[in-house]
Amino acid sequence: MPRAELADTALRKLFDAAKLAFERAYAPYSRFSVGAAILSEDGRIYAAPNVENAAYPAGTCAEAGAISAMIGGGSRRIAELVVVGAGEGLCTPCGACRQRIREFAGPECPIHIAGPEGIRASFTLSTLLPYSFGPENLGGGA
């Protein structure tokens, strides 16, 4: 199988995991569901939906949940990420999640933004969070 097809197959699995998380979101207050899926550098996929609560807006973003699942699963580096959200606009990670992603991903990490129908746009982390502050800024961090 050519390399491009392997990448497409991996991206398809990642999208499918993010879409399933999107479908399972708990968003009774905002009514805005989001799902995220991470492909870790060791080849495992971790996915999570956003989860709201009655003390809205204190909830958990899908990206934060997927990162927590990745860390809990024993992985430490994000190789690729898909975020699925509804609506006409692109559902890019919020500022806090961009910083969370930065903790575990390099500047060239692909971040794909999707709707339920498929991928709408792709960025690198450095495009979404230019001139970022990360662990290495602290002198020998992770």
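You'll find the structure just up there.
Everything numeric here is computed off the predicted structure, so don't read it as measured data.

Basis of the calculations
Residues numbered from 1 in each chain as written. Predicted model: local features only at pLDDT ≥ 70, side-chain atom pairs only at ≥ 80, totals over all residues. Heavy atoms only, no water. Helix = DSSP H or I, 4+ residues; strand = E, 2+ residues; numbered from the N terminus. Contact = heavy atoms within 4.5 Å. Axes fitted to C-alpha atoms, helices over the stretch in contact; angles between N-to-C directions. Parallel < 35°, antiparallel > 145°, perpendicular 65-115°, else oblique. Left-handed = near helix turned anticlockwise from the far one by under 90°. Nonpolar A, V, L, I, M, F, W, Y, C, P; charged D, E, K, R; others polar. Salt bridge = Lys/Arg side-chain N within 4 Å of Asp/Glu carboxyl O. Buried < 20%, exposed > 50% of the residue type's maximum accessible area, 1.4 Å probe, protein only. Pairing = 2+ DSSP bridges.

Focus on the environment of glycine 115
Line of reasoning, step 1. Along the chain, the position of glycine 115 falls in strand β4 (residues 110-115).
Line of reasoning, step 2. Between the C-alpha atom of glycine 115 and that of alanine 18, which follows or precedes it by 97 residues, the distance is 10.0 Å.
Line of reasoning, step 3. Ignoring any residue separated from it by four or fewer positions in sequence, one finds glycine 115 in contact with Phe15, Val84, Gly85 and Arg120.

Structural notes on the packing of helix α2 (residues 62-72) against helix α3 (residues 95-104)
Line of reasoning, step 1. It is at 9 Å that the axes of α2 and α3 come closest, and there the two elements cross at 25°. Accordingly, the angle class assigned to the pair α2 and α3 is roughly parallel. As α2 runs across α3, the sense of the crossing is left-handed. Seen from α2, the contacting residues are Glu63, Ala64, Ile67, Met70 and Ile71; seen from α3, they are Cys97, Arg100, Ile101 and Phe104.
Line of reasoning, step 2. Residue composition of the contact of α2 with α3, grouped by class: seven nonpolar, no polar and two charged.

What about the pattern of salt bridges?
Line of reasoning, step 1. Overall, the coordinates contain four salt bridges when judged by the stated rule.
Line of reasoning, step 2. Between aspartate 42 and arginine 44 there is a salt bridge; the shortest N-O distance is 3.0 Å.
Line of reasoning, step 3. What makes arginine 44 partly exposed here is its relative accessible area of 37%.
Line of reasoning, step 4. The salt bridge involving glutamate 117 is made with arginine 120; its shortest N-O contact spans 2.8 Å.
Line of reasoning, step 5. Residue glutamate 117 is classed as exposed on the basis of its relative accessible area, which comes to 55%.

Things to note about the sheet that holds strand β3 (residues 78-85)
Line of reasoning, step 1. Taken together, five strands build an open sheet; the order of strands is β2-β1-β3-β4-β5 and the sheet is mixed. The open sheet has two edge strands, β2 (45-49) and β5 (118-124), and neither has a second partner. Averaged over neighbouring strand pairs, the angle between their axes works out to 20° when direction is ignored.
Line of reasoning, step 2. Two elements, β4 and β5, share six bridges in a ladder whose sense is antiparallel. By the bridge assignment, alanine 114 is partnered in β5 with isoleucine 119.
Line of reasoning, step 3. With respect to the sheet, α2 is in contact with β1 (34-40), β2 and β3, its orientation differing from that of β1 by roughly 35°.

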